[in-house]
Amino acid sequence: MTPFALVAPLAGWLGPLDEAPDAVFAERLMGDGVAIDPTATTLHAPCAGTIIAVSPTRHAVTFRTDAGAELLLHVGIDTVALHGAGFTVHVADGARVAAGDVLLGFDLDVLAARATSLLSPIVVTNSDAFVITARREAGAVAVGAWLMDLTPCGDGAVSSIAEGPTTSRRAIVAAVHGIHARPAAAIATAARGFAATIELSLADRRADARSSVAVMTLGLTHGAAVDIVATGVDAEAAAAAITALIERGEGPAAPERPAPTPTVPMPVEDDMLRGVCAAPGLAIGVAYQLATAVIMADAPGEGIAVETARLAAAIATVRARLSGHVASGGTVATIAEAHLDLLDDPAVSAAAGAALARGASAAAAWRAALGPAIAALAGIADARIAGRADDLRDLEAQVITALQKTDAPPPELPENAILCAADLLPSQLMALDPSRLNGIVLANGGPTSHVAIIAAAMNVPMIVAAGKGVLEIAPGTPLILDADAATLSIRPAEAATTAASARVEQRGHARASARAAAAADCCMADGTRIEVFANLGSLADADTAVAAGAEGCGLLRTELLFLDRATPPDVAEQTRHYQGIADALGNRPLIVRTLDIGGDKPAPYLALPPEENPALGLRGIRVGLARPQMLEDQLRAILAVRPLPRILLPMIASVAELVAVRAVVDALADELGLGRVELGVMIETPAAAVTADLLATYADFFAIGTNDLAQYTLAMDRGNPAVASGIDALHPAILRLIAQTCDGAARHARPVGVCGGLASDLAASAILIGLGVTELSAVPAMVPEIKAMVRTLTREACTALAHAALACDSAAAVRALVAASR
């Protein structure tokens, strides 16, 4: 087909659409195109054609070429909020224009002072019918200069005639600025996910909902009543989805900002680092580089008696410090208690004593005692267990520092510090002044470490695995840390800082409100009950979760009870441990996961051979079936707890595995005089997700572990910093597996919960509920905010949003859809 040319409608600096500070444009939800940073004050026609419509707020023009290509010419970002201020219209709706005709005039000073950005997208909105086959390289461009070539690739039709029932609704536009580019893109994206045709109408004007341009041309302002007519097999769901988007609105208007000051331009790859979210939140501040001193432990010993006394004194010093943290209460106390247990571990004491007897110094003996365990833990594929190596490193450093009497005062942070480091130990974080600490960015580290837990409890945003670029940031550099998006913006533009400041203030108010209402049961706005539980690993976790408003435990990890010991815990010890947690929860539900351990874990009593790929080897329920007595002992211990917990099986990949464990549980229940015991399956593998309908025949409930499900589906190791930042459980592939799990469960009326990281992600709550999830089990610190979020939702709106998310082509597109729907 013959291409045709468009010329530049603006004079300025041409760049890629990716640079637009709005996901609707940068992620090409409206279509493909370019962006121009204007240096002149007029917008011109890019070729001969017809004006479809000028936005009621005069900031944008929709345009149709004679060949049928539809374009959006959008001056600036968030200029809809100006309500026409600074704009002059030179053309009418429906007018014929020639290339170069003036369409709009605008005042650059007004836009620069009040808009988010001057960058102006030029977008081909019917990209299914026209593709950009050539485009001008980035650089200066004048009005009328060649910009791009478009080539037809279809008939330009947006929708087809659907057959089936018809339903109609009326919606009131809630968006403060009406249906402009961002909400129009969200509506069009959602509409394309349905088989039904969907038409919007206002008075005598009509628009196909699948066309963002058509939706924009209706001129739907705040408070307007728009009629929605859907026809097709899924007409009811389609109409509900579009109604929900129109009536949801999009939050408060963007704040005005002062005129921007010039900044040094930076390459795109240099002004943004991506990592993995370890503690949610948003922070603005300046970089502070934390240097970690190298601790030496190779000095010669002065004899066993002297060195033994020195080591005992140093341990006593550290014990006193940790006891002080325990007395302070909260999450820090929980971590300090764990460190005290490790400090007094008899195996560590015995190993240190043996090294002292061989003539080692106190420092060398302590390092020798902890070294093997640190190495073993660090090599584990399970990031949560591997993270315990940091606890041992921390104890190693604290005791050796006490021995060498090199304790220095904690570093003095600047105001609004965002701490940058390769790694961070819990004791280092505990020593910092929280009033000056706004955020944490680590080059390495993992999201399940004790440092991450402490940061979340302190409400300090934190990302990890952000790469060596973290260490190259100069101290004092302005930063914006968006831990929710797992990004660090370096030397952000003033507009970005202003917008982030407004978000920080808004989130602070929302968090306070969420905490005040945390104890109440969680129901959606339409009355639908959604349970919000917490993931636990210890008795201290249970106390924290109850205080945060958790309605139960959706996942009790039992691994730590089995590690770092010569023999497994017996039935009595396990029962005491589980019963203590059940008592702390009161009458709240408790779901206990059986041992998720394998050949990669430091459990010598298993005598399992090393494996080349432990994540795909003998782990989870496979170990239990290979060691039936150990599995039976754990099941007996769980069944002795009152009230009776539900039992959850990890790493199930086949019906045969579930049936084998079901037989053991049923036999024990009969022996103990119990009724049917609820047995659930962790959906952590694609195999389990796609056979959920078969597993539901034997399982009583499902719990989706999105962390493992994401890494197995995307073939990315979540413990590998080189790829971990690319894992996002809102990837459409993961969402489709969750949808398939919920569908399979629904055939047998089985409930589905999510206990992986996605349950703690505020952006995911509505989508998960819309897919059929009825229980969210989050980290304790996020429980109040998750409950507050869920209370604002309706089942109908969630279903619509989930349906639209399944039609997206990337995790970024899903997140943009969620952002546009708020």
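These numbers come from a predicted model, not from an experiment.

Chemist: Can you walk me through the overall build of the protein in this structure?
Modeler: Within the protein, the regular secondary structure consists of 28 helices and 34 strands. Counting the 822 residues in the protein, one finds 53% classified as buried. Within the protein, counting contacts between residues at least 6 apart in sequence, those at least 24 apart form 70% of the total. Approximately 31,800 Å² of the protein is accessible, and the part contributed by carbon and sulfur atoms is 57%.

Chemist: Before we go on, may I ask you to explain the packing of helix α15 (residues 539–547) against helix α16 (residues 571–585) in this structure?
Modeler: Describing two packed helices takes the angle between their axes plus the distance from one axis to the other. The contact between α15 and α16 brings their axes to 9 Å, and the two run at 10°. When the axis of α15 is compared with that of α16, the two are roughly parallel. Counting all contacts with α15, which are made through Leu539, Ala542, Asp543 and Val546, the residues of α16 involved are Gly580, Ile581, Ala584 and Leu585. In terms of residue class, the contact of α15 with α16 is built from 6 nonpolar, 1 polar and 1 charged.

Chemist: Even after reading the chapter, I still don't get the sheet that holds strand β29 (residues 590–593), so can you show me in this structure?
Modeler: Pairing between the strands of a sheet comes from backbone hydrogen bonds, and it takes one of two forms, parallel or antiparallel. Taken in spatial order, the 8 strands close into a barrel running β27-β28-β29-β30-β31-β32-β33-β34, and their pairing is parallel. Between one strand axis and the next, the sheet turns by 25° as a mean value, whatever way the strands run. Strands in contact with helix α24 (residues 732–746) are β31 (679–683), β32 (701–704) and β33 (752–754); relative to β32, the strand with the most contacts, it is inclined by about 170°.

Chemist: How do you make sense of the pattern of salt bridges when you look at a structure like this?
Modeler: For the coordinates displayed, the defined rule picks out 27 salt bridges. Residue Arg135 is joined to Asp32 by a salt bridge in which the shortest nitrogen-to-oxygen separation is 2.8 Å. In this pair, Arg135 sits in strand β12 (residues 130–135) while Asp32 sits in strand β3 (residues 32–38), placing the two residues 103 residues apart along the sequence. Among the salt bridges present, the one from Arg529 reaches Glu551, with a minimum N-O distance of 2.4 Å. Pair noted here: Arg529 is in the loop between α14 (494–516) and β27 (531–536) and Glu551 is in the loop between α15 and β28 (553–556), with a separation of 22 residues, a long-range link. On the accessibility criterion, Arg529 (35% relative accessible area) is partly exposed. Taken together, the shared-partner salt bridges connect Asp484, Arg507, Arg511 and Glu785 into one network.

Chemist: How should the nonpolar core be read in this particular structure?
Modeler: Across soluble globular proteins, nonpolar side chains show a tendency to be buried alongside one another. One finds Phe702, Ile738 and Ile767 to be the most contacted residues of the largest nonpolar core, which totals 144 residues. Beyond its immediate stretch of four places on either side in the chain, Phe702 contacts Val681, Ile683, Ala692, Leu695, Ala696, Thr741, Ala745, Pro751, Val752 and Gly753. Leu43, Val61, Ala69 and Leu111 belong to the second-largest nonpolar core, a separate cluster that totals 36 residues.

Chemist: Is there a simple way to explain α16 in this structure?
Modeler: Counting along an α-helix, one turn takes 3.6 residues, and residues three or four places apart therefore face a common direction. The end-to-end C-alpha separation of α16 is 21 Å, in line with the 21 Å expected for 15 residues at 1.5 Å each. The secondary structure elements touched by the buried residues of α16 are β27, α15, β28, β29 and α18 (628–639). Capping of α16 at its N-terminal end is provided by Asp570; its side-chain oxygen lies 3.3 Å from the backbone amide nitrogen of Ala572. Just beyond α16, the residue with positive phi is Gly586, at close to 70°.

Chemist: Got a minute to help me understand the sheet that holds strand β25 (residues 478–482) in this structure?
Modeler: Sheet architecture is open: 8 strands sit in the order β19-β26-β25-β21-β22-β23-β24-β20, paired in mixed fashion. Of all the strands in the sheet, just β19 (272–274) and β20 (276–279) have a single pairing partner and so form its edges. Recorded for the sheet is a direction-independent mean angle of 30° between the axes of neighbouring strands. Pairing geometry for β20 and strand β24 (residues 462–464), over 3 bridges, is antiparallel.

Chemist: Would you mind going over the environment of Leu14 with me for this structure?
Modeler: Looking at the element boundaries, Leu14 is found in strand β2 (residues 12–16). Once the C-alpha coordinates of Leu14 and Ala138 are considered, the two residues, 124 residues apart in sequence, prove to be 5.0 Å apart. In contact with Leu14, other than residues within four places in its own chain, are Val34, Ala35, Ile36, Arg136, Glu137, Ala138, Gly139, Val141 and Leu147.

Cut-offs used in this document
- Residues numbered from 1 in each chain as written.
- Predicted model: local features only at pLDDT ≥ 70, side-chain atom pairs only at ≥ 80, totals over all residues.
- Heavy atoms only, no water.
- Helix = DSSP H or I, 4+ residues; strand = E, 2+ residues; numbered from the N terminus.
- Buried < 20%, exposed > 50% of the residue type's maximum accessible area, 1.4 Å probe, protein only.
- Contact = heavy atoms within 4.5 Å.
- Areas by Shrake-Rupley, 256 points an atom, 1.4 Å probe, with all protein chains shown as cover.
- Axes fitted to C-alpha atoms, helices over the stretch in contact; angles between N-to-C directions.
- Parallel < 35°, antiparallel > 145°, perpendicular 65-115°, else oblique.
- Nonpolar A, V, L, I, M, F, W, Y, C, P; charged D, E, K, R; others polar.
- Pairing = 2+ DSSP bridges.
- Salt bridge = Lys/Arg side-chain N within 4 Å of Asp/Glu carboxyl O.
- Core = buried A, V, L, I, M, F, W, Y, C linked by side-chain atoms within 4.5 Å.
- Expected span 1.5 Å × (residues − 1).
- Polar contact = N/O pair within 3.5 Å; in protein donor to acceptor, adjacent residues only side chain to side chain.

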